[in-house]
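Residues per chain are reported as follows:
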Number of protein chains: 2
Amino acid sequence: MVADAVHVVVTRNGLEAASLRNVAEEAGLAIGSIRHYFTGHDELLIFALQELGRRVSERVWAHAETILGEARADRRRHTEDLLAEFLPLDAARHDELVLWHEFAMAARTRPALLAQANETHQILQDLVIRTVRGAQAAGGLPADLDVEVEGIRLRALLDGLGMQAVLFPQRFPPELQREVIRRHLDSLVRTGAGDVREERQQ
Amino acid sequence: MVADAVHVVVTRNGLEAASLRNVAEEAGLAIGSIRHYFTGHDELLIFALQELGRRVSERVWAHAETILGEARADRRRHTEDLLAEFLPLDAARHDELVLWHEFAMAARTRPALLAQANETHQILQDLVIRTVRGAQAAGGLPADLDVEVEGIRLRALLDGLGMQAVLFPQRFPPELQREVIRRHLDSLVRTGAGDVREERQQ
DNA sequence: TAATATTTAGCACACCCATGCGAAATAGGG
DNA sequence: CCCTATTTCGCATGGGTGTGCTAAATATTA
């Protein structure tokens, strides 16, 4: 697939290197061949981004169905595994994360990519929120938890941790990443949203 | 300053647009003039990154001295303000965050930038850890907290939240960002590292 | 087989890029 | 003023890029 070629080039040399020429060479095709399917450079990138979003969503959602379905004793472990899908714990997830960051960052200055990036982000955000809600419904989390905010907080944590682990791998070995997830889940389990607001005043 | 020109161009059009020509035009100079100071394109970018790191560190550390010094009654509020320096709550912080993300991402495929990016990241990470440690020493946080891990977790949260807020501003209004910070600090205050590990087994 | 559609390939163009180099302008010290 | 050092400038070169367009090759259908 030509999308794979884009992904390889972007992963290896960054999005700015994803020229028609480089992609064509990586795919073993001629420039004109690629341009037969994509009328312009933007369309190629949009397609590659769509394909990325499709794969990530598919993989993570498949993982999610295991946990969101019926109640199970090892829910906690499955939850950790699900969240671990957002982190670069192996080469596959590392590359997917790199791709996502490259495209998402590029979307800031390339309006053509923005819609697709937004959609992908939303899908994953919803998944995280659902996971939190599911854990709450299963009784593992305090009932008074603000699921929306906690979902956003958890997603932000995963995103930031994944980002840093990609940029500075030596500083964030897999075990440290897992420990951070565990700590966060622990704090969710043990903390109610509660009445902290009064205490907070002083 | 020529560094400002780089920053403006990168903020507006992304790092890939920071060519000698664009930067020179933004600075009101000729290409050759810039090349008199920087022997190549890489050196220009490295300098701009150094300058960015310097400014960010300076600003955030100045904010930090207020809080790390003596004990004060309104420590919680100052802590929130300090952490808010990592989020795009106004135009200045927004732009600084954009610059940081652009450079940090580029450092992945440009070894020339990696050292400087690493150093800047480390400085800020240390600051966050010190903040957590300070809060712990001041008695606001449980004594059995793992300061290192909590510092990393907090920094990851800030980084991820900042990233998403930059990419999808409409989804992350300032008040939501502040609420996430408050929630996180609340959870830190109320959660011990404790003996969750046994419960976790099942 | 013959005619047609689909896919692949390659060339030409105009544009932007980093860099090398020498000339022009400006500033500073004698 | 003159001489020198510093700074600014612009041209030339070689390479990369997206895109328009046409020709060739292949597959599909009649």
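Residues numbered from 1 in each chain as written. Chains lettered and ligands numbered in written order. Predicted model: local features only at pLDDT ≥ 70, side-chain atom pairs only at ≥ 80, totals over all residues. Heavy atoms only, no water.

A. A look at the overall build of chain A. Helix and strand content of chain A: ten helices and zero strands. Each helix and strand of chain A, placed in order from N terminus to C terminus, yields the pattern α-α-α-α-α-α-α-α-α-α. When the backbone C-alpha atoms are referred to their principal axes, chain A occupies close to 65 × 40 × 35 Å. Residue pairs at least 24 apart in sequence account for 63% of intrachain contacts in chain A once pairs closer than 6 positions are excluded. A total accessible area of about 8,700 Å² is found for chain A, and carbon and sulfur atoms account for 52% of it. A distance of 2 Å separates the average location of the 24 positive side-chain charges in chain A from that of its 31 negative side-chain charges. (Helix = DSSP H or I, 4+ residues; strand = E, 2+ residues; numbered from the N terminus. Contact = heavy atoms within 4.5 Å. Areas by Shrake-Rupley, 256 points an atom, 1.4 Å probe, with all protein chains shown as cover. Lys, Arg positive; Asp, Glu negative; His and termini not counted. Charge placed at Lys NZ, Arg CZ, Asp CG, Glu CD.)

B. Inspection of the protein's contact with DNA strand D at higher detail. Near DNA strand D lie 14 residues; those nearest to it are Arg35 and His41 of chain A together with Ser33, His36 and Tyr37 of chain B. Leu20 of chain A is positioned with one of its backbone polar atoms (N or O) 3.0 Å from a phosphate oxygen of DNA strand D. Here a phosphate oxygen of DNA strand D and a side-chain polar atom of Ser33 of chain B are 2.9 Å apart. Residue assignment for the surface near DNA strand D shows that the elements contributing at least two residues are helix H2 (20-27) and helix H3 (31-37) of chain A together with helix H3 (31-37) of chain B. Looking at the surface near DNA strand D, the element that brings in the most residues is H3 of chain B, giving four residues. Taken together, the residues that form the surface near DNA strand D break down as five nonpolar, seven polar and two charged. (Near = heavy atom within 4 Å. Polar contact = N/O pair within 3.5 Å; in protein donor to acceptor, adjacent residues only side chain to side chain. Nonpolar A, V, L, I, M, F, W, Y, C, P; charged D, E, K, R; others polar.)

C. Inspection of the protein's contact with DNA strand C at higher detail. In the vicinity of DNA strand C lie 14 residues, with Ser33 and Tyr37 of chain A together with Ser19, Arg35 and His41 of chain B positioned nearest. In DNA strand C, atoms within 4 Å of the protein come 60% from sugar and phosphate. Taking His41 of chain B, its main chain carries an N or O atom lying 2.7 Å from a phosphate oxygen of DNA strand C. Here the residues of the surface near DNA strand C are counted per class, giving five nonpolar, seven polar and two charged.

D. Spatial organisation of the confidence of the model for chain A. Taken over all residues, the pLDDT of chain A has a mean of 90, while the share at 70 or more is 94%. Across residues 193-202 of chain A, where pLDDT falls below 50, the model places 15 contacts with residues more than four positions away in sequence or in other chains. (pLDDT = per-residue confidence, 0-100.)

E. Focus on the packing of helix H4 (residues 41-68) of chain B against helix H5 (residues 75-84) of chain B. Residue and element names in this part refer to chain B. Contact geometry for H4 and H5: axes closest at 10 Å, N-to-C directions at 170°. Looking at the two axes, H4 sits roughly antiparallel to H5. Taken together, the residues of H5 that come into contact with H4 (itself represented by Val60, His63, Ala64, Thr66 and Ile67) are Arg75, His78, Thr79, Asp81 and Leu82. Taken together, the residues that form the contact of H4 with H5 break down as four nonpolar, four polar and two charged. (Axes fitted to C-alpha atoms, helices over the stretch in contact; angles between N-to-C directions. Parallel < 35°, antiparallel > 145°, perpendicular 65-115°, else oblique.)

F. Representation of the interface of chain B and chain A. Each side of the interface is counted separately: chain B has 59 residues, and chain A has 59 residues. A buried area of about 5,300 Å², summed over both sides, lies between chain B and chain A, and 55% of it is on carbon and sulfur atoms. Applying the counting criterion to the chain B and chain A interface returns six salt bridges. When the shortest N-O distance is used, the salt bridge between Glu16 of chain A and Arg110 of chain B registers 3.1 Å. Inspection of the region where chain B meets chain A yields 20 residue pairs in polar contact (both at pLDDT 80 or more). Elements with a contribution of two residues or more to the side of chain B that touches chain A: helix H1 (2-13), H5, helix H6 (91-109), helix H7 (111-137), helix H8 (147-167), helix H9 (174-190) and helix H10 (196-200) of chain B. Among the elements that make up the side of chain B that touches chain A, the one with the highest residue count is H8 of chain B (14 residues). Residues that form the side of chain B that touches chain A fall into these classes: 21 nonpolar, 17 polar and 21 charged. (Buried area = accessible area lost by both parts, 1.4 Å probe. Salt bridge = Lys/Arg side-chain N within 4 Å of Asp/Glu carboxyl O.)

G. Representation of the relation of the copies chain B and chain A within the structure. Of the two same-sequence chains, chain B is brought onto chain A (RMSD 0.1 Å, axial shift 0.0 Å) by a rotation of 180°. The operation mapping one copy onto its partner corresponds to a two-fold rotation axis. Taken as a fraction of all interface residues of chain B, those also at the interface in chain A reach 100%, which identifies the copy contact as same-surface. (Least-squares fit on C-alpha atoms with pLDDT ≥ 70 in both.)

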